[in-house]
Amino acid sequence: MSTSPTSLPSALHNGVVQAEDIKSDESSDQDANQIAISSIGKDEPLVTRRELWSYYLYYNGDNGVGPLGYTQTLFQGLATAAGYDPLAGPGSSCLATTASGQCVVPWGSGTKSVSSVVLIANGISFAIMTAIFTTIGSAADYGTFGRWLLFAVTVICWAAQYACMALTTPNRWVLAMVFYIIGFVSYGATLVFYAALFPRLARNTPHARQLREKYENGEIPLEVYEQEESLEKNRISNVSTVHSNVGYIITLLLNLTLLLPMTNNPKVDNYVLVLVTTYWVVLGIWWFILQEPRPGPSLPEGEHYTTIGWKQIWAALKTYKHLPYTFVYLFSFFLLADGLNTTGTLVSICQNNKFSFSFLQNTYLGLSQAITSTISTLAFWYIQRYWKISTKKMFVVTNVVTILIPLWGMIGIWTEKLGFHNVWEFWAYNIVFGIFQAPYYAFSQTMMAELSPPGFDNMFFGLFGLSNRASSMVGPNVIQAIIDKTGNNWQGFPFLFALCTAASMVIWFGVDVTKGRRDAVKWADEQRSRTR
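This one's a predicted model, so the numbers in the text were calculated from it and none came from an experiment.

Now for the overall build of the chain. Counting its secondary structure elements, the chain contains 19 helices and four strands. The globule rule puts the C-alpha radius of gyration for 532 residues at 24 Å, and the 24 Å found for the chain is close to it. Based on the C-alpha atoms only, the size of the chain along its principal axes is roughly 75 × 50 × 45 Å. Relative to its 532 residues, the chain shows a buried fraction of 58%. Here the chain has roughly 20,800 Å² of accessible surface; of this, 62% comes from carbon and sulfur atoms. Across the chain, the 34 positively charged side chains and the 34 negatively charged ones have centroids separated by 4 Å.

Under the counting rule described, the total for this entry stands at 36 aromatic pairs. With 4.1 Å between their ring centres and 5° between their planes, Tyr55 and Tyr194 make a pair best called stacked. Of this pair, Tyr55 sits in helix α2 (residues 49–61) while Tyr194 sits in helix α6 (residues 173–195); the two residues are 139 residues apart in sequence, bridging distant segments of the chain. Judged by its relative accessible area of 0%, Tyr55 falls in the buried class. Taking 5.9 Å as the distance between ring centres and 35° as the angle between the ring planes, the aromatic pair formed by Phe420 and Phe493 counts as tilted. Here Phe420, found in the loop between α14 (391–411) and α15 (423–451), pairs with Phe493, found in helix α18 (residues 493–510); they are 73 residues apart in sequence, far enough to count as distant. As far as the burial class goes, Phe420 and Phe493 line up, both buried. Here a set of aromatic residues connected by ring pairs shows up, and it is made of Trp53, Tyr55, Tyr56, Tyr58, Tyr59, Trp148, Phe151, Trp158, Tyr194, Trp280, Trp287 and Phe288.

Turning next to the pairing of strand β3 (residues 104–107). Pairing between β3 and strand β4 (residues 110–113): four bridges, direction antiparallel. Residue pairing in the sheet places Pro106 in a bridge with Thr111 of β4. Connecting β3 to the antiparallel partner β4 that follows it, the hairpin turn spans two residues, and Gly108 within it adopts a positive phi of roughly 65°.

Moving on, we come to the environment of Ala520. Here Ala520 lies in helix α19 (residues 513–529). Each C-alpha atom, one on Ala520 and one on Leu323, is 6.3 Å from the other, the two residues being 197 residues apart in sequence. Excluding anything up to four places from it in sequence, Ala520 contacts Leu323, Leu451, Ser452, Pro453 and Pro454.

What follows is about the nonpolar core. In this structure, Tyr70, Phe75, Tyr329, Phe395 and Phe460 are the most contacted members of the largest nonpolar core, which totals 123 residues. By residue number, the principal contributor to this core is α6, which donates 15 residues. When near neighbours in sequence (up to four residues on either side) are disregarded, Tyr329 contacts Phe395, Ser444, Met447, Met448, Leu451, Phe464, Ile507 and Val511.

There is a patch of nonpolar side chains on the surface, built from Ile156, Val174, Leu175, Val178 and Ile182 and spanning about 370 Å² of accessible area. With four residues, the single largest contributor to the nonpolar patch is α6. Among the secondary structure elements, Ile182 is positioned in helix α6.

Let us now look at the packing of helix α8 (residues 206–216) against helix α9 (residues 222–259). Taken N-terminus to C-terminus, the directions of α8 and α9 make an angle of 175°; their axes are 10 Å apart at the nearest point. When the interaxial angle is binned, α8 and α9 end up roughly antiparallel. Of α9, the residues touching α8 (which contributes His207, Ala208, Leu211, Arg212 and Tyr215) are Leu222, Tyr225, Glu228, Glu229 and Glu232. Along the lines of polarity and charge, the residues of the contact of α8 with α9 split into five nonpolar, one polar and four charged.

Summarising the element assignment, Ser115 is placed in helix α4 (residues 114–137). A polar atom in the side chain of Ser115 sits 3.2 Å from the side chain of Asn489. Each residue touching Ser115, except ones within four places of it in the same chain, is listed here: Ile349, Asn353, Ile483 and Asn489.

What counts and how
Residues numbered from 1 in each chain as written. Predicted model: local features only at pLDDT ≥ 70, side-chain atom pairs only at ≥ 80, totals over all residues. Heavy atoms only, no water. Helix = DSSP H or I, 4+ residues; strand = E, 2+ residues; numbered from the N terminus. Rg over C-alpha atoms; globule rule 2.2 N^0.38 Å. Buried < 20%, exposed > 50% of the residue type's maximum accessible area, 1.4 Å probe, protein only. Areas by Shrake-Rupley, 256 points an atom, 1.4 Å probe, with all protein chains shown as cover. Lys, Arg positive; Asp, Glu negative; His and termini not counted. Charge placed at Lys NZ, Arg CZ, Asp CG, Glu CD. Phe/Tyr/Trp six-rings, centres within 6.5 Å; stacked < 30°, edge-to-face > 60°. Pairing = 2+ DSSP bridges. Contact = heavy atoms within 4.5 Å. Core = buried A, V, L, I, M, F, W, Y, C linked by side-chain atoms within 4.5 Å. Patch = residues over 30% accessible without salt bridge, like charges linked within 9 Å, V, L, I, M, F, W, Y side chains within 5 Å. Salt bridge = Lys/Arg side-chain N within 4 Å of Asp/Glu carboxyl O. Axes fitted to C-alpha atoms, helices over the stretch in contact; angles between N-to-C directions. Parallel < 35°, antiparallel > 145°, perpendicular 65-115°, else oblique. Nonpolar A, V, L, I, M, F, W, Y, C, P; charged D, E, K, R; others polar. Polar contact = N/O pair within 3.5 Å; in protein donor to acceptor, adjacent residues only side chain to side chain.

Below is the structure:
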């Protein structure tokens, strides 16, 4: 096997930065050339220690406690307090000791269960995210637009969280729904645009640069280079995930300083959201100050930021013949993310009902998840690094638990002894979720990084974000229809179990990461070679 530097695909080190037409030997592709963007430059700044730490600290603050957890609890709690028991009729209380367990609120010309309303809010949120990712997501590859895009969605999320101070009475549940959607959408956008940064950071760390030089000098073979580069990506992904979990722990502990002494204060939940958001502001602002400039090329003449995204997506979709494993992964992840995201929402609805929308109880449960998440992410990373296990094999392990969660929920259809009906089950769920699903997020992101053509990060991470978020327009709407028809939250779990199982099987047996990575590098090299 040759280790000659000439065998290294030039996509890994070429300095050309161009906007160009995607072309192919296939006549069907030649009929509709679309714009693609390559943004690798050999003169990109080396990642400094303080820049990398500011990247980690942003995620430490962007841990989801507010927009993903507390805001939903506040929204669902206000809606439940404003609703009535459909079996007892209008004027009854859903919180009465004699309540049937069902709860509806006015919706259009009729009523809808609170659980369905929460799921509808999630569906609307994912639809808006889809519009954002398709319209302006890929435009982040041009100039400094990506830098300002992450800043804009971050500030919007901060504003929505601070605005929750106004949510103090049940009759404001509709406003709570609006703030929840704004916060959830902007938070989801921060995750996608933050994740899109890490492949470029991983390519420009001192270790990654040394690896590339060793390969170019023939000191290490291609297989070693690919393995070590993959481990470097996993290092950054796992360390950032650990920081998110550490931030989760610190935030929840800080919240206890308000929740315990102010238990009887009716506005304590609102004060907690302010504290959570302030923590993110203090830690997150440094990324925007210390980030090194790595701008992409200028927007092509005649193009616009609001339309280039659609052309980018079409250009990316056209590459499916050349990047089959990348698109098989995107499709299967579309299904898997839908199943997992909706399962998490459904379990949260059951959990909020069980614990009467208590921020304090959810804080304790969140701590159990955050602590186990931190330990498991470090443990999975150590195991992978020590035994040189591939990213896919590590991801497969997490998929098994993804399937088992809705399977456990299905048991609750037939009995109240098991299946998310008991307090201990929610403790077990949060611990198990922490152990296996925190690494899931890290490995799924690294899988995408390995299957993305170098230099086309925002284009393909835009599709990845689209797969993650757009898919969840389907699950919540299907589940809310099932719940509305049956009046039983647990009837949604069979659909989610089937969805997660099907997606996992495709990933396990249909995605070859090694071949997919080489296809991606080859394709990226071909796109740049046409302009040289």
